[in-house]
Amino acid sequence: MSAIKIVYWSQTGNTQNLAEAVAEGVQNAGGEAEAVEVGSLSADELKNEAVFALGCPAMGDEELDDGEMEPFVSELEGSVSGKKIALFGSYGWGDGQWMRDWTERMKNAGAEIVGGEGLACQEDSIDDEGLEACRKLGASLAAI
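My aim in this report is to walk through the structure given alongside it, one point at a time. (Residues numbered from 1 in each chain as written. Predicted model: local features only at pLDDT ≥ 70, side-chain atom pairs only at ≥ 80, totals over all residues. Heavy atoms only, no water.)

## Things to note about the packing of aromatic side chains
Inspection of the entire model under this criterion finds 1 aromatic pair. Arranged with centres 5.5 Å apart and planes meeting at 55°, the rings of tyrosine 91 and tryptophan 98 form a pair that is tilted. Residue classification places tyrosine 91 among the buried residues on the basis of a relative accessible area of 12%. (Phe/Tyr/Trp six-rings, centres within 6.5 Å; stacked < 30°, edge-to-face > 60°. Buried < 20%, exposed > 50% of the residue type's maximum accessible area, 1.4 Å probe, protein only.)

## As for helix α4 (residues 128–142)
The end-to-end C-alpha distance of α4 is 21 Å, a good match for the 21 Å that 15 residues give at a rise of 1.5 Å each. The inward-facing, buried residues of α4 abut β1 (4–8), α1 (14–28), β3 (51–55), β4 (84–91) and β6 (119–122). (Helix = DSSP H or I, 4+ residues; strand = E, 2+ residues; numbered from the N terminus. Expected span 1.5 Å × (residues − 1). Contact = heavy atoms within 4.5 Å.)

## Some details on the nonpolar core
Grouped together as the largest cluster of nonpolar side chains are 28 residues, with contacts concentrated most on Leu54, Phe72 and Trp102. The residues contacting tryptophan 102, other than those within four sequence positions of it, are Leu54, Gly55, Cys56, Leu64, Val73, Leu87 and Phe88. Membership of the second largest hydrophobic core comes to 21 residues, among which are Tyr8, Ala23, Val51 and Leu141. (Core = buried A, V, L, I, M, F, W, Y, C linked by side-chain atoms within 4.5 Å.)

## So, the pattern of salt bridges
Counting across every chain of the model gives 8 salt bridges. In this structure, glutamate 112 engages lysine 84 in a salt bridge whose closest nitrogen and oxygen atoms are separated by 3.1 Å. Residue glutamate 112 is located in strand β5 (residues 112–113), and its partner lysine 84 is located in strand β4; the two are separated by 28 residues in the primary sequence. Via salt bridges that share partners, Glu24, Glu132 and Arg135 belong to a single interconnected network. (Salt bridge = Lys/Arg side-chain N within 4 Å of Asp/Glu carboxyl O.)

## Let's talk about the pairing of β1
Across the 5 residues that make up β1, a large majority, 5, are buried. Read as a crossover between parallel neighbours, the route from β1 over α1 to strand β2 (residues 33–37) is right-handed. As defined by bridge partners, β1 adjoins β3 across 4 bridges and the pair is classed as parallel. Within β3, the position partnered with isoleucine 6 by the bridge is alanine 53. (Right-handed = clockwise from strand over helix to strand, strands pointing away. Pairing = 2+ DSSP bridges.)

## Section: the packing of α1 against α4
With their axes 6 Å apart at the nearest point, α1 and α4 run at an angle of 45° to one another. One way to sum up the angle between α1 and α4 is to call them oblique. Handedness of the crossing formed by α1 with α4: right-handed. Contacts from Asn17, Leu18, Ala21, Val22, Glu24, Gly25, Val26 and Asn28 of α1 reach α4 at Leu131, Cys134, Arg135, Leu137, Gly138, Ala139, Leu141 and Ala142. Taken together, the residues that form the contact of α1 with α4 break down as 10 nonpolar, 4 polar and 2 charged. (Axes fitted to C-alpha atoms, helices over the stretch in contact; angles between N-to-C directions. Parallel < 35°, antiparallel > 145°, perpendicular 65-115°, else oblique. Left-handed = near helix turned anticlockwise from the far one by under 90°. Nonpolar A, V, L, I, M, F, W, Y, C, P; charged D, E, K, R; others polar.)

Take a look at the structure:
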């Protein structure tokens, strides 16, 4: 089995920290994981992966980053049917609507969302509890 890719976009480092915790959870559960910044791979590199994670903070009016992550997700969207995907990210305002929208979008494209919904951590909750939730998400990925 190849390493589970944890693909993320992070502006301030919060989502990178979450991605690293997801990868740690995979590894703690006996799997292999690789946290990868979205700009360093193409959507084609995930098209043959059955399991992976995507992370992005809420931007603007609770939406994905439109510079790198949104184009990546748009390109990937047509090939996620039947795949098991974990979604995660952070937000500083709003109520996490971007994550609910992203989850629904991936489900509509045929993906199975690990845990049934994306993991949204409010910036104030990126502490031991939030990081532990990410590690548990990673362990769930490793168990697939």
